[in-house]
Structures are given as C-alpha cells and as structure tokens.
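Coordinates in review
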Amino acid sequence: MKFVAITACPTGVAHTYMAAEQLAKTAKKLGHEIKVETQGAMGIENELTDKDIASADAVIFAVDIMIEKEERFDNIPKIRASVQEAIKNPEAVFSRQAK
C-alpha cells in the first residue's frame, strides 16, 4: 500500500521526528511506500503535495495536536494514532483499518 503521514507533537522538537522516522522505517519493513510530513517547531517540513495525497491509499495522522491544512485529506481514508504509539508500536498503526 501507499501511505502519506503527518506527525506532530506539542513541542515539535523531538517526538515529531522520532515518529516520522519510525513510520518510514516500519513502512519499508512491511513493504509499503510512505511519505511523511512533519509539523514541528520548524513549521511544515517535507510538505505533502496534492499528487502525493491523491496517489495514497490512506493517510496516517500520528499527532497529539491540531495540524495545519487537515482539509487536504478530506477524500482519503484516515488512520489516527498518538505520536507515542507511532514511536513505540508502529506496526500496530499500519495494521489498523483505515476509516
């Protein structure tokens, strides 16, 4: 499957990037494609394009705060998780049924 993901934690310094790294590493291990956008203290980094979103099967929101531009994902199945869950148990996040 092809995923896009957003990671964001309240301080946006470490956990946002740790979650992004874990999701990317786990996607590769499971044979999935993924592009992860981070919304941290530096703002939006590695921003997902309309093409990225349109070609994805689902979006993973590994977030603990409100994110910017969530409306971009209105027409794509969503998987929601906390940042800690994405860091500690990323395989469980991928195994969820997208809604």
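Small disclaimer: the values here were computed from a predicted structure and weren't measured. (Residues numbered from 1 in each chain as written. Predicted model: local features only at pLDDT ≥ 70, side-chain atom pairs only at ≥ 80, totals over all residues. Heavy atoms only, no water.)

Time to look at the nonpolar core. If you look at the biggest cluster of nonpolar residues, it comprises 18 residues, and the most contacted ones within it are Phe-3, Leu-23, Ile-60, Val-93 and Phe-94. Secondary-structure elements contributing two or more residues to this core are β1 (2-8), α1 (15-30), β4 (58-63), β5 (78-81), α3 (83-88) and α4 (90-95). Counting residues per element, this core draws most heavily on α1, at four residues. When residues no more than four places from it in sequence are discounted, the contact partners of Phe-94 are Phe-3, Leu-23, Thr-26, Ala-27, Leu-30, His-32, Ile-34 and Ile-60. Membership of the second largest hydrophobic core comes to 12 residues, among which are Ile-53, Ala-56, Val-63 and Ile-76. (Core = buried A, V, L, I, M, F, W, Y, C linked by side-chain atoms within 4.5 Å. Buried < 20%, exposed > 50% of the residue type's maximum accessible area, 1.4 Å probe, protein only. Helix = DSSP H or I, 4+ residues; strand = E, 2+ residues; numbered from the N terminus. Contact = heavy atoms within 4.5 Å.)

Here the focus is the confidence of the model for the chain. Mean pLDDT over the chain stands at 95; residues scoring 70 or higher make up 98%. Considering each helix and strand of the chain separately, the mean pLDDT is smallest for strand β3 (residues 43-45), with a value of 95, and largest for β1, with 98. (pLDDT = per-residue confidence, 0-100.)

This part covers the packing of aromatic side chains. The full count for this structure, using the stated rule, is two aromatic pairs. Ring geometry for Phe-3 versus Phe-94: centroids 5.1 Å apart, planes at 85 degrees, classification edge-to-face. Residue Phe-3 is found in strand β1, and its partner Phe-94 is found in helix α4; the two are separated by 91 residues along the sequence. For the pair Phe-3 and Phe-94, one class covers both residues: buried. (Phe/Tyr/Trp six-rings, centres within 6.5 Å; stacked < 30°, edge-to-face > 60°.)

Moving on, we come to the pattern of salt bridges. The final tally for this structure, using the stated rule, is seven salt bridges. Measuring nitrogen to oxygen at the nearest pair gives 2.8 Å for the salt bridge that ties Asp-52 to Lys-35. Pair noted here: Asp-52 is in helix α2 (residues 50-55) and Lys-35 is in strand β2 (residues 33-40), with a separation of 17 residues, a long-range link. Residue classification places Lys-35 among the partly exposed residues on the basis of a relative accessible area of 25%. Several salt bridges share partner residues, and in doing so they unite Glu-37, Glu-47, Lys-69 and Arg-72 into one network. (Salt bridge = Lys/Arg side-chain N within 4 Å of Asp/Glu carboxyl O.)

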